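Here is how the chains run, residue by residue.
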Amino acid sequence: MDTVRRAARPSRRNVLRAGGGAALAAVAGTAVTGCGAGTDDGVAADGTVTVEMWHGQADTAKKALEGLVADFERAHPKIRVKLGGGVLADVMLQKVTAALAAGSYPDIAYIFGSDLARVARSPQVVDLTDTVGSGPVPWKSYWAASRDAVTLNGRVRAAPAVLDSLAVVCNRKLFREAGLPLPKAGWTWQDFVSAARTLTESGRGRFGTGWPGTGDEDTVWRLWPMIWDLGGDVVDSGGKGIGFADSGARALQVVAELARDESVYVDPKPGSEQMYQVFQSGRMGMVVTGPWQLPDIETAGIDHHVAPLPSFSGRPVTISGPDTWTVFDNGEARSKAARTFLAWLARPEQDVRWDIEAGSLPLSRRTEALPAWQDKVARTEGLNVFTTALETARVRPVHPAYPEVSQALGQAIVAVLLGRSSPKNALRACADEANAALLIPR
């Protein structure tokens, strides 16, 4: 559902990329020959199999993955995992698309969850249903969000790579100065709007909250929990139209109220870095974000409190945006080795290392129960709120038209944020564009 980090790290939220989907569609139905290595089947004379992995990670996450790979290779001397790709996760779709077209693709690639439906149309994507259905993968104890994000038409088309959720991080100092109680479970979106209004001090450059204003996936995914809470869905039950014609307009009303009160900082640049900088400088009362932002908030010295997302109904609801490890077919030996590595990586004892070092939430309840994760929770203010939210988290549908639906909704949100349109009119324009996309045969 794809999250945002500072520029030195790969973006965890998928910025919609023009042209990638069309190019992939042209590749998807084509029988492609060739291997990731381009010249052989990856099997050495002594039987050692080399797996090529385009990981998309940087800095801390890359170092964590390198450590895990080293341990895997020591335990599996006949499998080597070659880390590469040369690009961060933000542009992995374009690179994989070009690689599929050229017939020279990796064995494993880091694919954003919102891109999976389109990538999975390629006949080169390996079905992992049997891999997760047996052996060491704790599939049944995975959070529903972890399973749903990689399942398409009843088949598992990838392995979950990272997991997150959304909650609200509050600046305790600003709440105290404004005379506001810190929010807790059960608060409403009207409470959120009211708190943002009270926290705003335009003369001092203070904002109640912030919202990404580029119209990309980072802008959009914050609205889906509101839509779901109001009974809507991304796609209607018939699959031919949006499922949020009414609930979307109501959700956009919250955005309109924040804009009207001038209590929302609208970040004009992709990645939301300016929004986070405003919060970390002590000039924003609340920010809707994920657990990946907690280290930066702690480094900035912000005394913070984490609350679950507000709702309209009083029921807990949030969104999770799992990204994936997608496997591509470069022959039986390499596919088997890739599946072996990902099954090993998914075990709780490896998953917990990846979660702690790279900034993911546990993929499964078995990982969550481990002492190492519990110790991490005890040492990290508010982390437990994000993990608890996984119990009721939902994910965006694995649907090939999702990028077009998201783009249309993103434009609607920006129009309302900037006061260019009413929620009703913005949603009507969104519906026209998104419904047209959903009618295209896939």
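Just so it is clear, the structure is predicted and the values come from calculations on it, not from any experiment.

Cut-off values and rules
- Residues numbered from 1 in each chain as written.
- Predicted model: local features only at pLDDT ≥ 70, side-chain atom pairs only at ≥ 80, totals over all residues.
- Heavy atoms only, no water.
- Salt bridge = Lys/Arg side-chain N within 4 Å of Asp/Glu carboxyl O.
- Helix = DSSP H or I, 4+ residues; strand = E, 2+ residues; numbered from the N terminus.
- Core = buried A, V, L, I, M, F, W, Y, C linked by side-chain atoms within 4.5 Å.
- Buried < 20%, exposed > 50% of the residue type's maximum accessible area, 1.4 Å probe, protein only.
- Contact = heavy atoms within 4.5 Å.
- 1 Å grid on protein atoms, 1.4 Å probe; cavity = no way out; pocket = protein on both sides within 12 Å on 5 of 7 lines; lining within 4 Å.
- Points joined across faces, edges and corners; volume = space filled by probe spheres on them.
- Nonpolar A, V, L, I, M, F, W, Y, C, P; charged D, E, K, R; others polar.
- Polar contact = N/O pair within 3.5 Å; in protein donor to acceptor, adjacent residues only side chain to side chain.

A few words on the pattern of salt bridges. With the rule as written, the count across this model stands at 18 salt bridges. E177 is the salt-bridge partner of R206, the closest N and O atoms lying 2.9 Å from each other. Of this pair, R206 sits in the loop between α8 (189-199) and β8 (209-212) while E177 sits in helix α7 (residues 172-178), placing them 29 residues apart in sequence. Of the charged contacts in the structure, one is a salt bridge between R197 and D261, with a shortest N-O distance of 3.1 Å. On the criterion of sequence distance, the pair formed by R197 in helix α8 and D261 in the loop between α11 (247-260) and β11 (264-267) is long-range, its members being 64 residues apart.

This part is about the nonpolar core. With 124 residues, the main nonpolar core has L223, W224, M286, W325, F341 and L409 as its most contacted residues. Look past the residues within four positions of L223 in its chain and what remains in contact with it is W211, A251, L252, V255, L409 and I413. With twelve residues, the next largest nonpolar core counts W54, M92, V96 and Y105 among its residues.

Turning our eyes to something else, we now look at empty space enclosed by the protein. The calculated volume of the largest cavity comes to roughly 160 Å³. At five residues, helix α14 (residues 332-346) tops the list of elements feeding residues into the lining of the largest cavity. Tallied by class, residues from the lining of the largest cavity come to 15 nonpolar, one polar and two charged.

Turning our eyes to something else, we now look at the side chain of N330. Here N330 lies in the loop between β15 (323-327) and α14. Residue classification places N330 among the buried positions, given a relative accessible area of 4%. At 3.2 Å, the side chain of N330 and the backbone oxygen of P106 are in polar contact. For N330, the side chain forms a polar contact with the side chain of D107, separated by 3.1 Å.

To continue, consider the environment of K78. Looking at the secondary structure, you find K78 in the loop between α2 (59-75) and β2 (79-84). For the pair K78 and A337, spaced 259 residues apart in the sequence, the C-alpha separation amounts to 9.1 Å. For K78, the contacting residues outside a window of four places in its chain are D46, G47, T48 and V49.

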